[in-house]
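# An overview of the molecular structure
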Number of protein chains: 2
Amino acid sequence: MDLRRRGTNLPKMGDFNQSVILEAIRRSPGGLSRTELVGATGLSAQTVTNITRRLLDERLIEEAGRTIQGPGKPRTTLRLNAGSRLSIGVHLDPAMMTLVLLDLTGAVLERTRLRMHSDDARWIIAAMADSVEALIRRSHVDRDAITGIGVATPGPIDAAHGTVIDPPKLHSWHRVPLRHALEDAAGLHVRLEKDTTAAAVAELWTGEHPPDGSFLFVYLGIGIGAALVLDGAVVRGASRNAGEIGHIMVDPDGPECLCGRRGCVEVVCTPQAIVERAERAGVLSDDRVGSDAESVDARFTELCEQAAGGDSGARAVLETAVHHLSVLISDLTNMLDVDRVVLGGPFWSRLSEMCLALLPDLLRRSSATRAVRALPVAGAVVGDDVGAVGAGCVVLDEVLTPRAAALLLDS
Amino acid sequence: MDLRRRGTNLPKMGDFNQSVILEAIRRSPGGLSRTELVGATGLSAQTVTNITRRLLDERLIEEAGRTIQGPGKPRTTLRLNAGSRLSIGVHLDPAMMTLVLLDLTGAVLERTRLRMHSDDARWIIAAMADSVEALIRRSHVDRDAITGIGVATPGPIDAAHGTVIDPPKLHSWHRVPLRHALEDAAGLHVRLEKDTTAAAVAELWTGEHPPDGSFLFVYLGIGIGAALVLDGAVVRGASRNAGEIGHIMVDPDGPECLCGRRGCVEVVCTPQAIVERAERAGVLSDDRVGSDAESVDARFTELCEQAAGGDSGARAVLETAVHHLSVLISDLTNMLDVDRVVLGGPFWSRLSEMCLALLPDLLRRSSATRAVRALPVAGAVVGDDVGAVGAGCVVLDEVLTPRAAALLLDS
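Analysis parameters
Residues numbered from 1 in each chain as written. Chains lettered and ligands numbered in written order. Predicted model: local features only at pLDDT ≥ 70, side-chain atom pairs only at ≥ 80, totals over all residues. Heavy atoms only, no water. UniProt positions renumbered as here; feature names shortened; annotations may be inferred. Buried < 20%, exposed > 50% of the residue type's maximum accessible area, 1.4 Å probe, protein only. Helix = DSSP H or I, 4+ residues; strand = E, 2+ residues; numbered from the N terminus. Pairing = 2+ DSSP bridges. Least-squares fit on C-alpha atoms with pLDDT ≥ 70 in both. Contact = heavy atoms within 4.5 Å. Axes fitted to C-alpha atoms, helices over the stretch in contact; angles between N-to-C directions. Left-handed = near helix turned anticlockwise from the far one by under 90°. Nonpolar A, V, L, I, M, F, W, Y, C, P; charged D, E, K, R; others polar. Parallel < 35°, antiparallel > 145°, perpendicular 65-115°, else oblique. Salt bridge = Lys/Arg side-chain N within 4 Å of Asp/Glu carboxyl O.

The name that an unreviewed UniProt entry assigns to chain A is Putative NBD/HSP70 family sugar kinase, with the source organism given as Microbacterium ginsengiterrae. Listed under Sequence similarities (unreviewed entry) in UniProt, the entry text for chain A is "Belongs to the ROK (NagC/XylR) family."

Structure below.
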C-alpha cells in the first residue's frame, strides 16, 4: 500500500491544459477565439496559441471564420471538428436496447432501438454487434473515426473483467463477459459502465451544469438507481458500482422485500411496485398479463394518463410514490449535501410534472440544512436516451475531459 | 454561473509540489532524504532540491542528521520542524468540551477536558476562550507559532457566517456566531467544522490511509453522523454540512421519531435509544435520573459492562443495535461503493469488539457488490479525542495538505 501522493510536472500540466481548452471550446457551441480562451481558462496567450496549434494539427478543432470586434485584427473562431472523433453508445435495458452514434460534440448522429426478444446473453450480444454494424453502415461515417463503444448496463458490473454479474432484471445473465464478447464481435474498443453512471455523464456533457458543481442524479428506469457528481465529475466508486440504492427503506409500512427488509425502494418506488399498488387499490384493473418490463411500462403509462385526466385514485397512488421518492432523496442529500438534485431516465418524463410540483417542498421539510440553503430540483436535460447517450459520452470523455487527478505523476 | 474550467500554470504547480513534498515528509516519521523524496513523489531531483531549500528557509522542515547507505556521499534526512507551526483543536460536545494543542506533525502536546455546566452559549464561548489561554500558558509555546483554532461542533453549521445553527443536543443554541465570538475573545484565526468531518480529517492525518483511497467514516457520539472520504480528502458538501444521517430509517418496527418517520437512526441507534431499549426490555433498571448526556453515557457503559460480563439480555440489546447500524452502513456503502468503513467517536471503543465481530458478515450479506469485492471494516486509529484532534488538523491542513483542485487558476 503506497501511502505517498505523487507530484506533477510540465508534460502533465500541458496535457491537462490541452483538455481544459478542448472542453472550453466544446462548451461554447458558437466556438471561441484565442483571446476568449485566455479569458475562459486563465491560461497565458502563449500557452493558448501553442495548444490550439497542436489541436489544429491533430484535427480535433478547426477554424470557423473570422469576426471583427472593435479595432485591431479580426479574431479567428475555433470550434470542435465534430466529425473527427465519434463514439457509439449502447444502453442495455431489460425492455429495450438503444444505440446511438455520437460526434465529438456529443450530438446524436444516428439512433436505433431494438426490442429484446430474449434475455439470452448470446442472442443479445450478437444482436448488439449486428446493430452496431448497421448503425455505422447507415450513417456513412469513417469507421476509423470511431474511438470505441460504450455500453451502459444495469449493475453490478465487474469492471476489471468487463463482465456483467447478475443484473436483477436480466434473469439468465450471470457473469457475462460482455466487454470481450462485444470487442471480438465488433472489432472496436469497448468500455462498460453502469447505466446510472452513464446517465450522469450524459447530463454533465450537456454543458448545462457548472464544471465544479455537485448533484445527485436519480435514475428512474425499470429499476431505480442514483449517481453522485462532485466537482463536475461522476463518482464511480471503488469497483465502479456506486449508486445501488434499491434497498434503502422508504416506507416502514411497505411490503416485504426479497432482501429481508420491508418497504425498500425496490418494492415501493419502482414502476412495477407503483403499478402493483394501483392494482391493489383498485385504481388499475388487475387483468395485467405479465410482469415483464413491457407490460409494466404500458400499465405505468395508463396510470399516469388516468392521473393527468383527473382520476383522484390514480393521483393519490402517484403522489404516494413521489412522497416515498422524497424519503430516498432526502436520505442521500442530507448525507451528501450536494448543490442540487437532477432526475432523469426513461420513466422520468411521465412523472416529471408531479415530481417538480411536490418534491421541492417535501425535500425542504426533511432537509438538515433548510436553515442555510435551498435544494433545487430539476429534470435531466437529456431525454429517455440518457443511458445510451451517456455510454457514448463515457468513451468521448477519455479523449476530452480534464481531470485534475490526471495531473499527478504515475507511480 | 461560470461553465468553464480553469487551467493551471507554473506557480500553481510549484505550490502543489511543495505541499506534496511536505506531506511525504510528514507521512514518514523517521524523515526522508532528498533521493527518497524523488522516489516517493515522482518529481525531478532539481525540483526536490529547489522546494526543500524553500521549506528549510521557511523553517517548515529541518535537517535531522546524515545516513550513509552504500557508496556515494551520505544522505541528509529531512523531517518536519514540528514546533514551527501549531494549532489548537476544540471539540464542542454536548457532554464535554475537549481542547488539544497540536504540533505540525499532528501530535498532541497538551490536552484539556471541561465539563459543560451550562448549555448557555455565552458561558460556553467564554469558557472556551479561557481554556485556550490556559492551554497556551501551560504548554510554554510561542503564541506566534499558533496558526489558528479549529472548532468541531455538532451540525448544522452556517459555514459562510461561522455560526452554529441549532444543534439538536445544545438546546439553548440558535444561530450562535461562534467563529466571530471566539476570534474576538481569543485573538486567533478560528475555523468552524462539523464534528464528523473533523473526525474524518483526524483519521486521514494518521497517515494510515492511502492518499487516494476512499472510506465511509461512521461517528458514534451522543448523536450519530458520517463523513465521506474520496481520493484521500473529506467531502465537506456544498454548505459544509455533509454527513447528516440521523433520519435514515433502519428499523421498520422502531419507535416514532419527531421528524415524522419511524425507526430512524436517531431513535434506534444512538446511545440514548439503545439505553431506552435496554430499559424497556428490563435489562437496565428504569431508575435513570435524567436523559442528559452524562446520565446516558453512564448507563451505556453499564449496559456494555453487563454484556461483557455474559448477560444475555444486555448482549441481545447491543447485537440488535449493531444489526441496525449495519442497515445504515450498507445503505451508504451500496450508494457510495467506498474502499472501506472506519468507525470511531467517543462511544466506539465500548462497541468495537461486538461491531468488529458482527459487522463484516452483516455488511457482506447486504452488499450489492459482494460478488466482486469485500468491504473491510476497521476501528479509527485516533481515540475518543478524534473530534478535537481533527479540529486542530483542519487548521494544519490549510498549511500542509496538497489538493489537486488548488492547481487550477483562480477565476
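### Brief notes about the pairing of strand 14 (residues 340-344) of chain B
Residues and elements named next belong to chain B. Of all the five residues making up strand 14, five are buried; the element is thus mostly covered by neighbouring parts of the structure. Taking every second residue as pointing to the same face, both faces of strand 14 are buried, with R340, V342 and G344 on one and V341 and L343 on the other. Relative to strand 14, strand 11 (residues 215-220) is paired through five bridges, and the arrangement is parallel. Following the sheet pairing, Y219 is matched in strand 14 by G344. Pairing between strand 14 and strand 15 (residues 377-379): three bridges, direction parallel. Bridged to V341 within strand 15 is V377.

### Here's the deal with the relation of the copies chain A and chain B
Here two copies of a chain appear, and what relates them is a rotation about an axis with a shift along it. Between chain A and chain B, the superposition needs a rotation of 180° and an axial shift of 0.0 Å, giving an RMSD of 0.0 Å. When the rotation and shift are considered jointly, the pair of chain copies conforms to a two-fold rotation axis. No C-alpha of chain A approaches the rotation axis more nearly than that of A:P252, which lies at 2.2 Å. Counting the interface residues of chain A, we find that 100% of their copies in chain B are interface residues as well, pointing to one common contact surface.

### So, helix 6 (residues 195-205) of chain B
Residues separated by three or four positions in an α-helix point in the same direction, a consequence of the helix having 3.6 residues per turn. Residues and elements named next belong to chain B. With 11 of its 11 residues buried, helix 6 lies for the most part within the structure. For helix 6, the full list of buried residues reads D195, T196, T197, A198, A199, A200, V201, A202, E203, L204 and W205. Looking one or two residues beyond helix 6, the residue adopting positive phi is G207, at roughly 75°.

### Considerations on the environment of A:L332
On the secondary structure map, A:L332 appears in helix 10 (residues 312-336). Classification of A:L332 by relative accessible area gives buried; the value is 3%. Between the C-alpha atoms of A:L332 and A:L216, which are 116 residues apart in sequence, the distance is 8.0 Å. With near-sequence residues (within four places) excluded, A:L332 lies in contact with A:L216, A:I245, A:I248 and B:M335.

### Quick notes on the environment of B:L356
Tracing the chain through its elements places B:L356 in helix 11 (residues 348-365). Put simply, B:L356 and B:A378 are 22 residues apart on the chain and 7.2 Å apart in space, counted from C-alpha to C-alpha.

### Quick look at the sheet that holds strand 1 (residues 32-33) of chain B
Residues and elements named next belong to chain B. Pairing is antiparallel in the open sheet, where three strands are placed in the order 1-3-2. Two strands lie at the open edges of the sheet, namely strand 1 and strand 2 (61-67), each paired on one side alone. With two bridges joining them, strand 1 and strand 3 (residues 75-80) adopt antiparallel strand pairing. The partner of L32 across the bridge, within strand 3, is L78. Against the sheet, helix 1 (residues 10-26) engages strand 1, strand 2 and strand 3, with an angle of about 95° to strand 3.

### Details of the packing of helix 2 (residues 34-41) of chain B against helix 3 (residues 45-57) of chain B
Residues and elements named next belong to chain B. Relative to each other, helix 2 and helix 3 sit at 115°, their axes nearing to 9 Å. Regarding helix 2 and helix 3, the two cross each other, and that crossing is right-handed. On helix 3, the residues touching R34, L37, V38 and T41 of helix 2 are A45, V48, T49, T52 and L56. Considering only residue class, the contact of helix 2 with helix 3 consists of five nonpolar, three polar and one charged.

### Thoughts on the packing of helix 6 (residues 195-205) of chain A against helix 12 (residues 386-400) of chain A
Residue and element names in this part refer to chain A. In the contact formed by helix 6 and helix 12, the axes pass within 7 Å of each other and the chain directions differ by 70°. Here helix 6 lies roughly perpendicular to helix 12, going by the angle between them. Of the two elements, helix 6 crosses helix 12, and the hand of that crossing is left-handed. On helix 12, the residues touching A198, A199, V201, A202 and W205 of helix 6 are V386, G387, V389, G390, A391, C393, V394, L396, D397 and L400. Here the contact of helix 6 with helix 12 is composed, by residue class, of 12 nonpolar, two polar and one charged.

### Overview of the sheet that holds strand 5 (residues 96-102) of chain A
Note: strands within a sheet are paired through backbone hydrogen bonds, in either parallel or antiparallel orientation. Residue and element names in this part refer to chain A. The five strands are arranged 6-5-4-7-10 in an open sheet whose pairing can be described as mixed. Edge positions in the sheet fall to strand 6 (108-115) and strand 10 (190-194), since each has one partner strand and no second. Shown here is a sheet whose adjacent strand axes are inclined to one another by a mean of 15°, direction ignored. In the sheet, strand 4 (residues 86-92) pairs with strand 5 via six bridges, with the strands oriented antiparallel. Of the residues in strand 5, the one forming a bridge with I88 is L101. The strands touched by helix 12 within the sheet are strand 4, strand 5, strand 6, strand 7 (146-153) and strand 10, with strand 4 carrying the most contacts at an inclination of about 140°.

### Looking at the pattern of salt bridges
In this structure the tally under the stated criterion is 50 salt bridges over all chains. With a closest N to O distance of 3.1 Å, A:E302 and A:R299 form a salt bridge. With A:E302 and A:R299 both in helix 9 (residues 293-308), this residue pair falls three residues apart, about one helical turn. According to the relative accessible area criterion, A:E302 is partly exposed, its value standing at 32%. With relative accessibility at 7%, the residue A:R299 sits in the buried group. Close ionic contact of B:R26 with B:E23 constitutes a salt bridge, the shortest N to O distance being 3.8 Å. One end of the pair is B:R26 and the other is B:E23, both in helix 1 and three residues apart, which spans about a single turn. As far as burial versus exposure is concerned, B:R26 and B:E23 are alike and both buried. Bridged by salt links that share partners, the residues A:R191, A:E193, A:R236, A:R240 and A:E398 form one connected network.

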